[in-house]
Amino acid sequence: MKISLNWFKTYIPFDLSNEALCHTLTDIGLEVESIEPFESVKGSLEGIVVGHVLEKEKHADADKLSVCKVDVGNETLQIVCGAPNVAVGQKVAVALVGSTLFPVSGDSFAIKKSKIRGVESFGMICAEDEIGLGTSHDGIMVLADDAKVGTPLSEIFNIEKDYVIEIGLTPNRTDAFSHIGVARDLAAALSFRNKKDIALNLPSINKPIYADSSNSDFKVEVENTNACPKYLGLIIDNIKVDESPEWLKNRLKAIGQKPINNIVDITNFVLHEYGQPLHAFDKNEIKGNKIVVKNLPNKTAFVALDNTKIELDENDLMICDGENNPMCMAGVYGGANSGVKNSTTSIFLESAYFDPKTIRRSSTHHTWRTDAAMHFEKGIDPNSTETALLRAAQLIQEIAGGNIASAIYKNEHKTFEHFTVELEYKNIKRLTGADISKDDVKKILDLLEIIIKEENEEKLHLLVPPYRTDVTREADVIEDILRMYGFNNVVIPTKVNASIQFSTAYNTEKLYNSIADTLVDIGFYEMMNNSITKSKYQALATAQKQEKWVRLLSSINVELDVLRNNMLFTGLESIAHNINHKNANIKFFEFGKTYQLKDKTENSASLEIKNYEEKNHLALFISGNKSASNWNTVGKKSDFYFLKSIVDIVLSKIGILVDDALDNETSELFNYSLKYQKNGKTLVEFGKVQPKLLKPFDIKQEVFFADFNWDLIVKLAEKVKTNYSEISKFPAVKRDLALLLNKNVKFADVKLIGEQYGKKILRNIELFDIYEDEKIGKENKSYAVSFTFKDDNKTLQDAEIEKIMSNLMDAYKKQLNAIIR
């Protein structure tokens, strides 16, 4: 939010430097992100003065140039001028040597002493476009005859110099979403800290005098009173739509608002003054002499102010005329035909309180993030609607003429009461650590316009004004008290008290750090994706019914509308981003959560929070090459087996042994995948991602993905016990077998039989070669398998090993129909 310092000072008197002001605002919770100078005309016309043309002679060496003698107050200068309209006796704008001009278009340039066709020139007589005051370049700018020679041009045109303070307003501080809101907060802080009450200089609003008119049959109706609990308006006739005065344009330009016309500029001015959005309708465009606030049927056509054509949603609150034509999307955006035009002579001025959720839903759905919508959706002061309306009406009368032609139309369907909060004195010290006296507490509360309804020695019963939508609990009140008291005034203790606690709980954080470090050592990068994703991505995976999705009631981005139910799609977004930025070799991991709705039961139906299920995951993503290529190494593509090796490393690091490894050929996420299970539950599923799922992300390279059930892994890790054993003194023995098998036989089957017959001395079974050829049959394959034997207590004898190998070969022949080659 931007604050104009000159504008701000009209509401609150203070003598702080800019630096001290920014420090104080930040200290009371209104963090100043920047302060920048602003000039209503760039360069502020510095070095440009009023000159009087005394003489004009034709240049001896140029037909279109004139040599002029110009009085600039303290001296007379010779200036060569090329303008056709320069004449003796004129008062003109003269840029002195050393000044810098900022033209309307093009780069700035400095004025120097120069020679033009052999004649010296000591300045420049300027046209209005050359100094940023207009667009005309027909000739020099001629000033009024009474302009005093030597007067700086900045004084003639009331050039304003200002500073713009940008405040990083947190979403809860809607009370400070305006110039008066910030001034109110600053006045409270300075009054308390300086022990001197500072009163705000609020605009003086006169009670309007209503002129006789023919508007008695004009009506205002509110059908949806939940979405619009308060709607006010009045009619102003005989206005003249024109350009705004300079002071008003400067106020708006300082905070980044583009001046449009006096009526629209006034509504924008009041918005940033009071924080109350207003809207002006051309009364002659209101058919049926009636305004109706209502919802229209789904897919009703609406043409917006910028001529954008949209279809309305049935939840959009609309301002309609008496013939049900939509004129404006309430609190969001105006319509193309009902707005103020140059020909407008009569307006209906609207000031309302709209339900924040309704406005936010429409604003995000149609991606119209207007100033008005942002104010309404955060929550405005419901009791300032009439004040802002009368302030705008008064300004319109002063600036655009006209007369107020109706009483205020009031449709009020809800009374906005003060929030009741109970504050215990002892909790102030407990939560803040500051010893704030009871008198100081009461003083701060009074300055914050919080009413003390009842009090005793221990507590206060408070009434908090409705505009403080963020102060509804005791802790909120205490935070406000501390803001005014000063965070920096809290004494930092010189000693820290701590108690030693013994806990046998499993350290899940340590496990997380251990696995994260292991993956980083292998070359992975950790990523943290948004848990909120797009429903169009989740729709690509149909295994989970949409009824179990956790949808957002309201979102900043209309596309981000669900909480993710798997880890894949948010990871693919990150992969696509990296590939687009020329980082195609991907090794990422993420610890995150997925969300879904549980099946409702009688017990859970009444407790809505128990219907949601969160699951913790560890996700691995691999794409591109295993490692980057260099002059002596060719990059090798990542594949399924590379991912498998990483999965095995993770489980080995934790100490979890897998019971089963199951192929999964029907997964909608994977082209092919493998599941590791323990006690019948899936530990991890990993494989190659389906190409059709990569297409929406425009990923053209293979992606391999592993999804760990982290909740299950943590439970199993708690039971893992690490035992130490000495390194064996005795050697290991290896034996190899070549098995001719049917292609349907898996290595897992070979390994399982080996473990059954290998007893305790078979330490490892490794597949080191696969051979397929028509010579051994199209339906066959040959496995080359290595068996490692070792006994920690003795040296193995050939006879023992041969006996086990013989049993293994018999088992492979009988159970797998293997041929020993």
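Residues numbered from 1 in each chain as written. Predicted model: local features only at pLDDT ≥ 70, side-chain atom pairs only at ≥ 80, totals over all residues. Heavy atoms only, no water.

Participant: Mind showing me how you'd approach the packing of aromatic side chains here?
Facilitator: The description of two aromatic rings rests on the distance between their centres and on the angle between their planes. Enumeration according to the criterion identifies 24 aromatic pairs in this entry. Each ring, one from Tyr512 and one from Phe591, has its centre 4.5 Å from the other, and the planes form 70°; the classification is edge-to-face. One end of the pair, Tyr512, is in helix H13 (residues 508-522); the other, Phe591, is in strand S33 (residues 586-597), with 79 residues separating them in the sequence. For Tyr512, a relative accessible area of 21% puts it in the partly exposed group. Taking the centre distance of 5.8 Å and the plane angle of 15° together, the rings of Phe670 and Phe705 count as stacked. Taken together, the residues Phe670 in strand S36 (residues 670-678) and Phe705 in strand S38 (residues 703-709) connect sequence positions 35 residues apart. For Phe670, a relative accessible area of 3% translates into the label buried. The exposure class of Phe705 is buried, given its relative accessible area of 2%. (Phe/Tyr/Trp six-rings, centres within 6.5 Å; stacked < 30°, edge-to-face > 60°. Helix = DSSP H or I, 4+ residues; strand = E, 2+ residues; numbered from the N terminus. Buried < 20%, exposed > 50% of the residue type's maximum accessible area, 1.4 Å probe, protein only.)

Participant: Can you help me understand the packing of helix H11 (residues 438-447) against helix H12 (residues 474-485) in this one?
Facilitator: Between two packed helices, the angle of one axis relative to the other and the distance separating the axes together describe the packing. Put simply, H11 and H12 touch, their axes get as near as 10 Å, and they point 95° apart. Here H12 runs roughly perpendicular to H11, going by the angle between their axes. Here H11 contributes Val441, Ile444 and Leu445 to the contact with H12, which in turn contributes Val477, Asp480, Ile481, Met484 and Tyr485. Of the residues belonging to the contact of H11 with H12, the class tally is seven nonpolar, no polar and one charged. (Axes fitted to C-alpha atoms, helices over the stretch in contact; angles between N-to-C directions. Parallel < 35°, antiparallel > 145°, perpendicular 65-115°, else oblique. Contact = heavy atoms within 4.5 Å. Nonpolar A, V, L, I, M, F, W, Y, C, P; charged D, E, K, R; others polar.)

Participant: Just checking my understanding: could you explain the packing of H13 against helix H18 (residues 710-719) for this structure?
Facilitator: Interhelical geometry of H13 versus H18 gives an angle of 110° and a closest axis separation of 11 Å. It follows from the interaxial angle that H13 and H18 lie roughly perpendicular. The two elements H13 and H18 meet at a crossing, and its hand is right-handed. Contact residues: H13 offers Thr508, Leu511, Tyr512 and Ile515, while H18 offers Trp710, Val714 and Ala717. Residue composition of the contact of H13 with H18, grouped by class: six nonpolar, one polar and no charged. (Left-handed = near helix turned anticlockwise from the far one by under 90°.)

Participant: Any chance you could explain the nonpolar core here in plain terms?
Facilitator: Across soluble globular proteins, nonpolar side chains show a tendency to be buried alongside one another. Phe8 and Leu423 are the most contacted members of the largest nonpolar core, which has 76 residues in total. By residue number, the principal contributor to this core is helix H4 (residues 179-193), which donates nine residues. Dropping the residues within four chain positions of it, Phe8 is found in contact with Ile3, Phe14, Leu21, His179, Val182, Ala183 and Leu186. By size, the runner-up hydrophobic cluster in this structure holds 37 residues, among which are Met318, Ala352, Phe354 and Phe376. (Core = buried A, V, L, I, M, F, W, Y, C linked by side-chain atoms within 4.5 Å.)

Participant: Got a minute to help me understand the sheet that holds strand S28 (residues 459-464) in this structure?
Facilitator: The strands that make up a sheet are held in pairs by hydrogen bonds between backbone atoms, and each pair lies either parallel or antiparallel. The strand order across the open sheet built from three strands is S26-S28-S27, with neighbouring strands paired in antiparallel fashion. What marks the edges here is a single partner per strand, and that holds for strand S26 (419-424) and strand S27 (451-455). Averaged over neighbouring strand pairs, the angle between their axes works out to 25° when direction is ignored. Across four bridges, the pairing between S27 and S28 is antiparallel. By the bridge assignment for S28, Ile452 is matched with Leu462. The strands touched by helix H10 (residues 425-432) are S26, S27 and S28; relative to S26, the strand with the most contacts, the crossing angle is about 80°. Relative to the sheet, H12 contacts S26 and S28, its axis offset from that of S26 by approximately 70°. (Pairing = 2+ DSSP bridges.)

Participant: Can you help me understand the confidence of the model for the chain in this one?
Facilitator: Keep in mind that low pLDDT regions are not for reading the predicted coordinates in detail. Of the residues in the chain, 97% have a pLDDT of 70 or more, and the chain-wide mean is 91. Note on residues 602-607: pLDDT under 50 across the span, and three contacts to partners over four residues away in sequence or across chains. (pLDDT = per-residue confidence, 0-100.)

Participant: What's the story with the sheet that holds strand S35 (residues 660-664) in this structure? I'm lost.
Facilitator: Here seven strands make up an open sheet; going across it, the order is S29-S33-S34-S38-S37-S36-S35 and the pairing mixed. Pairing within the sheet leaves two strands with one partner each, and these edge strands are strand S29 (525-526) and S35. Where strand S34 (residues 612-623) lies against S38, seven bridges are found, and the strand directions are antiparallel. Pairing of Leu618 across the sheet is with Phe708, part of S38. Running over the sheet, helix H15 (residues 568-580) touches S33, S34, strand S37 (681-689) and S38 and is turned about 150° from S33.

Participant: Help me out: how do you make sense of helix H16 (residues 640-654) in this one?
Facilitator: Owing to its 3.6 residues per turn, the α-helix brings residues three or four apart onto one side. The terminal C-alpha atoms of H16, which comprises 15 residues, lie 22 Å apart, in line with the 21 Å expected from a rise of 1.5 Å per residue. Every buried residue belonging to H16 is among Phe640, Phe642, Leu643, Ile646, Val647, Val650, Leu651 and Ile654, and all of these are buried. (Expected span 1.5 Å × (residues − 1).)

Participant: Before we go on, may I ask you to explain unusual backbone geometry in this structure?
Facilitator: Peptide bonds are trans in most cases, and residues, glycine excluded, mostly fall at negative phi. We note that Asn289 has phi near 55°; this positive angle belongs to a residue other than glycine. Assignment of secondary structure puts Asn289 in the loop between strand S16 (278-282) and strand S17 (290-295). Its relative accessible area of 22% is what places Asn289 among the partly exposed residues.

Participant: I keep staring at the pairing of strand S4 (residues 66-71) and nothing clicks. Help me out?
Facilitator: Remember that side chains alternate between the two faces of the sheet whenever the strand is regular. Of the strand pairs in this sheet, strand S3 (residues 48-58) and S4 are connected by six bridges, and their pairing is antiparallel. Of the residues in S4, the one forming a bridge with Lys58 is Ser66. Note that S4 and strand S5 (residues 76-81) share six bridges and pair antiparallel. Paired with Val70 across the bridge in S5 is Leu77. What sits between the antiparallel neighbours S4 and S5 is a turn of four residues, in which Gly73 has the positive phi angle 105°.

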